[in-house]
Amino acid sequence: MVAFFGKLSKSLVSFIPKQLSQEILSQKPQTAVPFSQLQEQRKILESKLVSILDGCNSVTQIQQVHAHILRNGLDQCCYVLAKLVRMLTKFEVPVGGYPRLVFEQVRYRNPFLWTALVRGYSVQGFVKESVFLYGCMRREGIGPVSFTFTALFKACGEILDVNLGRQIHAQTILVGGFASDLFVGNTMIDMYVKCGCLDSGRKLFDEMPERDVISWTELIVAYAKNGNMESAGQLFDELPVKDMVAWTAMVTGYAQNAQPREALEFFERMQNAGVKVDDVTLVGVISACAQLGAAKYANWVREVAESSGFVPAKNVVIGSALIDMYSKCGSLEDACKVFEAMEERNVFSYSSMIAGFAVHGRPHDALQLFNEMLDTETKPNRVTFIGVLTACSHAGMAEEGRQIFASMEERFGVPPSADHYVCMVDLLGRVGQLEEALHLAETMPLEPNAGVWGALLGACRIHGNPDIAEIAASHLFKMEPNAIGNYVLLSNIYASARQWDDASRIRKLMRAKGLRKNPACSWLEAKKGVVYEFFAGDLTHPESSKIMQVLEDLLDRLKINGYRPHLSAMAYDVSDEDKKRLLLTHSEKLALGFGLLGTSSDSSIRIMKNLRICEDCHLFICGASQITGREIIVRDNMRFHHFRDGQCSCGNFW
DNA sequence: CTAGGGTTAG
């Protein structure tokens, strides 16, 4: 019987279309007897079978139960069969096949049986069919139950069809009573916010007769995703009973909105409130630590995770988050260790590790890992390719990059986005093919974003091409009129090309727009996790004279090795002596001087900077790493530079 | 049946 049925269902799966046929639905079904009015014996029987079905964890097991039902002439027990349909669709059995067949074999259909099918269609993404079936159900005079509506709203949220959602919303009121059902209300809020109609969701929330922590949390998350942490916080404060999920939503919300300190503060409050923490909470905290980029936090969060009993090797999400965090905190070794130890790896783990290699200037490791990833079942996604292309770009591997870019769509089904074009323009630009990069930007099939022109402008700085720089900048000034960096870059490109008038014209433009340079700032962590900050030209640090002495000494020794201060990019109308002085007090040099003074000679010096490292400092630190024999790691706002023995991992492209 | 998660660019 089982074998026979297995065969039958298989053939039906392939023959019954997923689209609903009018013919089948026009058969006359009849309303079933309500469960409460069933005979006692039948009640017991159905309940028993339902609990057996609940325990099934494969389609084969469900088929066995079904065979038993048919064998014993119970094929009109619609409560059990509704459960059966529900279980089948849970296992992603196509709803047009087997579950549909079960539905049709029952003559006396109850709301649960109908709903099971409505749900089935909706979870499999056949929303229109699901709604159509709901219409049929209504025509037959079958009243919906609350999860008929939750299924429909969930589907609308998936396909972002708010108009359909509003129609069904109207139905909940028309049919009566369902609009005030808590479950239905919550799914409606979720539907509205998923569709981007936060106001509708909020209105619904305000009008709901009954709300629970889930209703609140849904809105808190919606505000957070909209970048409105103020409203999220307000709601959170008003929330009478806060649970772990609500707290986590706040922690994660701050982390996702680039407010890592607030995220950590919230996490602390959460712990003080005695709320339990789980892996989801920790992922938010780890992400906040990644943004802070400090080893101090990295070590702290790892301890928190371990003391909460979460092992990175056994939790793929925690592991992936840690890989990202360690690589952003400058410790590629720790990132690798986590990656190696992981028992399961997915596209996030690989992408994070690949991006880690790319940003730390190890393109070959990135590409090797990409190839290893392809050997596994893991499919790369658009983010993976950003990492891979960035790696190619840093290694100057234009040809490999081109090939991978071309293979994205045809081999991996990932259509290149504007961001991938950014990588390609960057790739071509870095190797000096500026004309080609410009051509790509001008002819790409998508609308070029600011990143595309920014990459081109950056390449013009490396290769000193003011003409193409002007084209790129003209786009950028329109797209990002207030982004100071673009003006600075263009002005420096002009200055390097000795086009002083143009350079000062740009400076004037900046002034006219009221734009002021962000003060350059570098910082480093000394012992005990104390952070020291240095601003360019700022000699107020108590050890400034010692720091300057160290730098002067270094400068003298570097000059012997052939170093010359890189003055050309400075557009200031001051004497060369003053320029040299200004250069020597760049924030990253001050931090370096302090690092050489204040840390033991066997450890590496880790400096962070809020802007891109300057050309002169890059040269200076390269030399310093050779003279002092120290490893110096600088994280600027773009990437990591590992200086060792007079070489930098970025290959002088940055 | 309803709520919170990790990767990306100049």
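The coordinates are above.
Given the structure is predicted, the values throughout are model-derived calculations rather than measurements. (Residues numbered from 1 in each chain as written. Chains lettered and ligands numbered in written order. Predicted model: local features only at pLDDT ≥ 70, side-chain atom pairs only at ≥ 80, totals over all residues. Heavy atoms only, no water.)

### Looking at the overall build of chain A
Within chain A, the secondary structure is distributed over 34 helices and 8 strands. With respect to the principal axes defined by its C-alpha atoms, chain A has extents near 100 × 55 × 50 Å. Looking at chain A as a whole, 51% of its 654 residues qualify as buried. A sequence separation of at least 24 residues applies to 63% of the contacts in chain A between residues at least 6 apart. As presented, chain A carries roughly 30,900 Å² of accessible surface, and 52% of it is formed by carbon and sulfur atoms. (Helix = DSSP H or I, 4+ residues; strand = E, 2+ residues; numbered from the N terminus. Buried < 20%, exposed > 50% of the residue type's maximum accessible area, 1.4 Å probe, protein only. Contact = heavy atoms within 4.5 Å. Areas by Shrake-Rupley, 256 points an atom, 1.4 Å probe, with all protein chains shown as cover.)

### Comments concerning the protein's contact with DNA strand B
Close contacts around DNA strand B come from 51 residues, with Phe183, Asn186, Asp243, Ser320 and Asp419 the closest. The backbone of Ala450 places a nitrogen or oxygen atom 2.8 Å from a base nitrogen of DNA strand B. It is helix α13 (residues 213-225) that provides the largest number of residues to the surface near DNA strand B, a total of 6 residues. Per-class residue counts for the surface near DNA strand B are 20 nonpolar, 17 polar and 14 charged. (Near = heavy atom within 4 Å. Polar contact = N/O pair within 3.5 Å; in protein donor to acceptor, adjacent residues only side chain to side chain. Nonpolar A, V, L, I, M, F, W, Y, C, P; charged D, E, K, R; others polar.)

### A closer look at the nonpolar core
Ranked by size, the top nonpolar core spans 174 residues in total, and within it Met325, Met353 and Leu457 carry the most contacts. At 9 residues, helix α5 (residues 78-90) tops the list of elements feeding residues into this core. Those residues in contact with Leu457, other than ones at most four positions away along the chain, are Ala469, Ala472, Ala473, Leu476, Asn486, Leu489, Leu490 and Ile493. Counting 32 residues, the second largest nonpolar core, distinct from the first, contains Cys617, Phe620, Cys622 and Ile627. (Core = buried A, V, L, I, M, F, W, Y, C linked by side-chain atoms within 4.5 Å.)

### Considerations on the pattern of salt bridges
Evaluated as defined, the whole model comprises 24 salt bridges. In this structure, Glu46 and Arg42 form a salt bridge, with 2.7 Å as the shortest nitrogen-oxygen distance. You can see Glu46 and its partner Arg42 sitting in helix α3 (residues 40-54), 4 residues apart, about one turn around the helix. On the basis of relative accessible area, Glu46 is assigned to the buried category, the value being 0%. Linking Asp334 and Lys337 is a salt bridge whose minimum nitrogen-to-oxygen distance equals 3.8 Å. Taken together, the residues span about one helical turn, with Asp334 and Lys337 both in helix α20 (residues 332-341) at a distance of 3 residues. Bridged by salt links that share partners, the residues Glu399, Arg402 and Glu436 form one connected network. (Salt bridge = Lys/Arg side-chain N within 4 Å of Asp/Glu carboxyl O.)

### Topic: the packing of aromatic side chains
Enumeration according to the criterion identifies 21 aromatic pairs in this entry. Seen in terms of ring centroids, Phe205 and Trp216 are 5.1 Å apart; in terms of plane orientation they differ by 85°. Their pairing is edge-to-face. Here Phe205, found in helix α12 (residues 198-207), pairs with Trp216, found in helix α13; they are 11 residues apart in sequence, far enough to count as distant. Residue class for Phe205 comes out buried when judged on its relative accessible area of 2%. An aromatic cluster is built from Tyr134, Phe149, Phe153 and Phe178, whose rings are joined through pairwise contacts. Between Arg109 and the ring centre of Phe103, over which it is positioned, the NZ or CZ distance is 4.4 Å. Over the ring of Phe205 we find Arg211, and its NZ or CZ is 4.4 Å from the ring centre. (Phe/Tyr/Trp six-rings, centres within 6.5 Å; stacked < 30°, edge-to-face > 60°. Lys NZ or Arg CZ within 6 Å of the ring centre and 35° of its normal.)

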